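# Fold and contact review
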Amino acid sequence: MTTLQNWGVPLGGGAGRGGALQPKVKNRFRVIVTNFGIPSGSIALTQQVISVGRPNVSFSPVEIHSYNSRAYYAGKAEWQAVELTVRDDVTNSVNSLIGAQLQKQMNMFDQTVPLAASNYKFGMLVDVMDGGNDTVLEEWVFEGCFLASINYGTLEYASADAVTIALSIRFDNTTLSGGLFPTSPSLLSGPFIG
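Residues numbered from 1 in each chain as written. Predicted model: local features only at pLDDT ≥ 70, side-chain atom pairs only at ≥ 80, totals over all residues. Heavy atoms only, no water.

### What about the pattern of salt bridges?
Evaluated as defined, the whole model comprises six salt bridges. Arg30 is the salt-bridge partner of Asp127, the closest N and O atoms lying 2.8 Å from each other. One end of the pair, Asp127, is in strand β6 (residues 122–129); the other, Arg30, is in strand β1 (residues 29–34), with 97 residues separating them in the sequence. You can call Asp127 buried: its relative accessible area is 0%. Under the relative-accessibility criterion, Arg30 is labelled partly exposed at 28%. Among the ionic pairs, Arg54 bridges to Glu138, the shortest N-O distance being 3.0 Å. You can see Arg54 sitting in the loop between β2 (49–52) and β3 (57–65) and its partner Glu138 sitting in strand β7 (residues 136–151), a full 84 residues away along the chain. (Salt bridge = Lys/Arg side-chain N within 4 Å of Asp/Glu carboxyl O. Helix = DSSP H or I, 4+ residues; strand = E, 2+ residues; numbered from the N terminus. Buried < 20%, exposed > 50% of the residue type's maximum accessible area, 1.4 Å probe, protein only.)

Written out as structure tokens, the structure is:
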């Protein structure tokens, strides 16, 4: 006889407690980008990720006036930017990759920009993993991404912490594979540059 059946929240109606489920763990994730900077650079970025945000969405309420009252409906959805923080490694691979993406978005020397956003937008995949090598518990597919801001951080004599680069990523849309949005494209089948 074990006590494990006593764990969890009472479900009511004689259903018992159901046990406690293992939560997803914050440090088990990976980030993969496509069409970012130079074609072969996504692995370098993936290996230096420190943290990434999960998506936040908001709906602007639209007010409808009637005779004696008001009603509301959900207006257009707006995805908030996602923050991605990476380590700046000694080979400059990540810094160079971010610089190449920045150059795609705007040539700072010539002060020119691409004719269309599809020339610089990239795709991003954020996988929540189970701690093994291959099992993905949650997969966010980000489409039409671009760097909204880059913070190269600071240098400091009093600290031996790793140098980091913080990226704010704006995107057109995201889907949650196998969950909230049951049908989503596979990011790895091609660049999503909407």
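So that's the structure; there's more coming.
### Looking at the side chain of Glu138
On the accessibility criterion, Glu138 (4% relative accessible area) is buried. Side-chain polar atoms of Glu138 contact the side chain of Arg54, separated by 3.0 Å. Apart from residues no more than four positions distant in its own chain, Glu138 is found in contact with Lys24, Arg54, Val126, Asp127, Val128 and Leu176. (Polar contact = N/O pair within 3.5 Å; in protein donor to acceptor, adjacent residues only side chain to side chain. Contact = heavy atoms within 4.5 Å.)

### Description of the packing of aromatic side chains
Inspection of the entire model under this criterion finds four aromatic pairs. Ring centres of Tyr120 and Phe146 lie 6.5 Å apart, and the angle between their planes is 85 degrees; on these two criteria the pair is classed as edge-to-face. With Tyr120 in the loop between α2 (93–105) and β6 and Phe146 in strand β7, the pair connects residues that are 26 residues apart, well separated along the chain. The class for Tyr120 is buried, based on a relative accessible area of 17%. With a relative accessible area of 27%, Phe146 lands in the partly exposed category. Taken together, a centroid distance of 4.9 Å and an interplanar angle of 85 degrees make the contact between Phe142 and Phe171 edge-to-face. Of this pair, Phe142 sits in strand β7 while Phe171 sits in the loop between β8 (164–170) and β9 (173–177), placing them 29 residues apart in sequence. Phe171 shares its class with Phe142; the two are buried. (Phe/Tyr/Trp six-rings, centres within 6.5 Å; stacked < 30°, edge-to-face > 60°.)

In short, the description is geometric, and any link to function would need to be established separately.
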